[in-house]
Amino acid sequence: MQSQHYAAADLAALGREWIAAWNSHDLERILALYAEDAEMTSDRIQALGLEASGSLRGKESLRMYWGKAFQLLPGLHFDLIDTYVSPGSVVVFYQNERGAQICEYLRLDARGKIRQGSANHLAH
């Protein structure tokens with residue numbers, strides 16, 4: 001499939017909406033940003049014992065994972081530091097409520113939905 005190119009301003013706006021959606025704790029608002037067959041990769045998926053590969057695919061799997069995250073972290077909150085863009089993706093650089101800085105790589109599909117996400121944490 002050919003990659004769609006998006007304007008930098010639109011990608012930065014998506015990054016801001018992604019942060020706002022998470023801070024709302026509204027799981028359906030978050031999931032609305034994602035494609036039905038979206039894939040998410042994170043070491044937190046492994047840490048929760050959900051999937052040894054660290055990757056989940058599909059909205060139902062994401063709903064289960066993030067629902068569990070909200071139960072475990074009721075004070076979850078993200079503060080946007082910056083966004084980095086390329087023609088078909090955005091990296092959202094943010095700090096969570098525990099002070100950890102994280103980069104979330106979000107690749108979009110042709111409809112502007114997040115097709116692939118990857119949470120990237122510091123190695124130490």
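Scroll up a little and you will see the structure.
Note that the structure is a prediction, hence the values are computed from the model and not measured.

### Points about the environment of Asn120
Relative to the elements of secondary structure, Asn120 occurs in strand β6 (residues 114–121). For the pair Asn120 and Ser42, spaced 78 residues apart in sequence, the C-alpha to C-alpha distance is 7.0 Å. Excluding residues within four positions of it along the chain, Asn120 makes contact with Ile102, Cys103 and Tyr105.

### A few points about the pairing of β6
Pairing of strand β1 (residues 34–41) with β6, which is carried by four bridges, proceeds in the parallel orientation. What sits directly across from Met40, in β6, is Gly117. In terms of strand pairing, strand β5 (residues 101–108) meets β6 through seven bridges, oriented antiparallel. In the strand pairing of β6, Glu104 is matched with Ala119.

### Quick look at the nonpolar core
Nonpolar side chains in soluble globular proteins tend to be buried together. Grouped together as the largest cluster of nonpolar side chains are 29 residues, with contacts concentrated most on Trp18, Trp22, Tyr34, Leu62, Trp66 and Ile114. At the level of secondary structure, the elements contributing two or more residues to this core comprise α1 (8–24), α2 (27–31), β1, α4 (59–72), β4 (89–96), β5 and β6. Ranked by residue count, the leading element in this core is α1, at six residues. In contact with Leu62, not counting residues within four places along its chain, are Leu31, Tyr34, Ala38, Met40, Leu56 and Gly67.

### Topic: the environment of Leu62
Among the structural elements, Leu62 can be located in helix α4. Leu62 gets classed as buried once you look at its relative accessible area, which sits at 0%. Placed 23 residues apart in sequence, Leu62 and Glu39 show a C-alpha to C-alpha distance of 8.3 Å.

### Observations regarding the side chain of Lys59
Summarising the element assignment, Lys59 is placed in helix α4. A polar contact is formed between the side chain of Lys59 and the backbone oxygen of Leu31, at a distance of 3.1 Å. Discounting residues that sit within four places of it in the chain, Lys59 has contacts with Leu31, Ala32, Tyr34, Ala35 and Glu36.

### Observations regarding the sheet that holds β5
Hydrogen bonds between backbone atoms are what pair the strands of a sheet, whose relative direction is either parallel or antiparallel. Pairing is mixed in the open sheet, where six strands are placed in the order β2-β1-β6-β5-β4-β3. If you trace the sheet from one side to the other, it starts and ends with β2 (55–57) and β3 (78–86), each paired once. Going from strand to strand, the sheet's axes swing by 20 degrees on average, the running direction of each strand aside. Across the face of the sheet, α1 comes into contact with β1, β3, β4, β5 and β6 while running at roughly 155 degrees to β3. Contacts between α4 and the sheet are confined to β1 and β2, with β1 contributing the most and set at about 55 degrees to the helix.

### Examining the packing of aromatic side chains
Enumeration over the complete set of coordinates arrives at nine aromatic pairs. The interplanar angle of 55 degrees and the centroid separation of 5.9 Å between the aromatic rings of Trp18 and Trp22 together place this pair among those described as tilted. On the criterion of helical spacing, the pair formed by Trp18 and Trp22 is a turn pair, its members being four residues apart in helix α1. By relative accessible area, Trp18 is classed as buried at 1%. When the centroid spacing of 6.2 Å and the interplanar angle of 35 degrees are considered together, the rings of Tyr65 and Trp66 count as tilted. There is no split in this pair, since Tyr65 and Trp66 are both buried. An aromatic cluster of three or more residues is present, and its members are Trp18, Trp22, Tyr34, Tyr65, Trp66, Phe70, Phe78 and Tyr94.

Reading the values: rules and limits
Counting restarts for each chain, with residues numbered from 1 along the sequence as it is written. Since the coordinates come from a predicted model, pLDDT governs what is reported: local features require at least 70, and pairs of side-chain atoms require 80 or more to be given and counted, while whole-chain, interface and lining totals use all residues. As a rule here, side-chain values come from all non-hydrogen atoms in the structure, and water together with hydrogens is ignored. Elements are defined by DSSP. Helices are runs of H or I of four residues or more, strands are runs of E of two residues or more, and each kind is numbered from the N terminus. The contact definition used throughout considers only heavy atoms, calling two residues in contact when any of these lie within 4.5 Å. Being paired, for any two strands, means DSSP has found at least two bridges between them. The definition of a nonpolar core used throughout is a set of buried Ala, Val, Leu, Ile, Met, Phe, Trp, Tyr and Cys residues joined through side-chain atoms within 4.5 Å. Relative accessible area decides the class of each residue, using a 1.4 Å probe on protein chains only: under 20% of the type maximum gives buried, over 50% gives exposed, and in between gives partly exposed. Polar contact is defined as a pair of N or O atoms within 3.5 Å, subject to the rule that within protein one atom must be able to donate a hydrogen and the other to accept it, and that residues adjacent in sequence are counted only when both atoms are side-chain atoms. Axes, fitted as lines to C-alpha atoms, cover a helix only where it is in contact. Angles between the N-to-C directions of the axes lie from 0 to 180 degrees. Here a pair means two rings of Phe, Tyr or Trp (six-membered ring of Trp) with centres within 6.5 Å. Their orientation is stacked below 30 degrees between planes, edge-to-face above 60, and tilted elsewhere.

Keep in mind that these numbers describe shape and distance, not what the molecule does.
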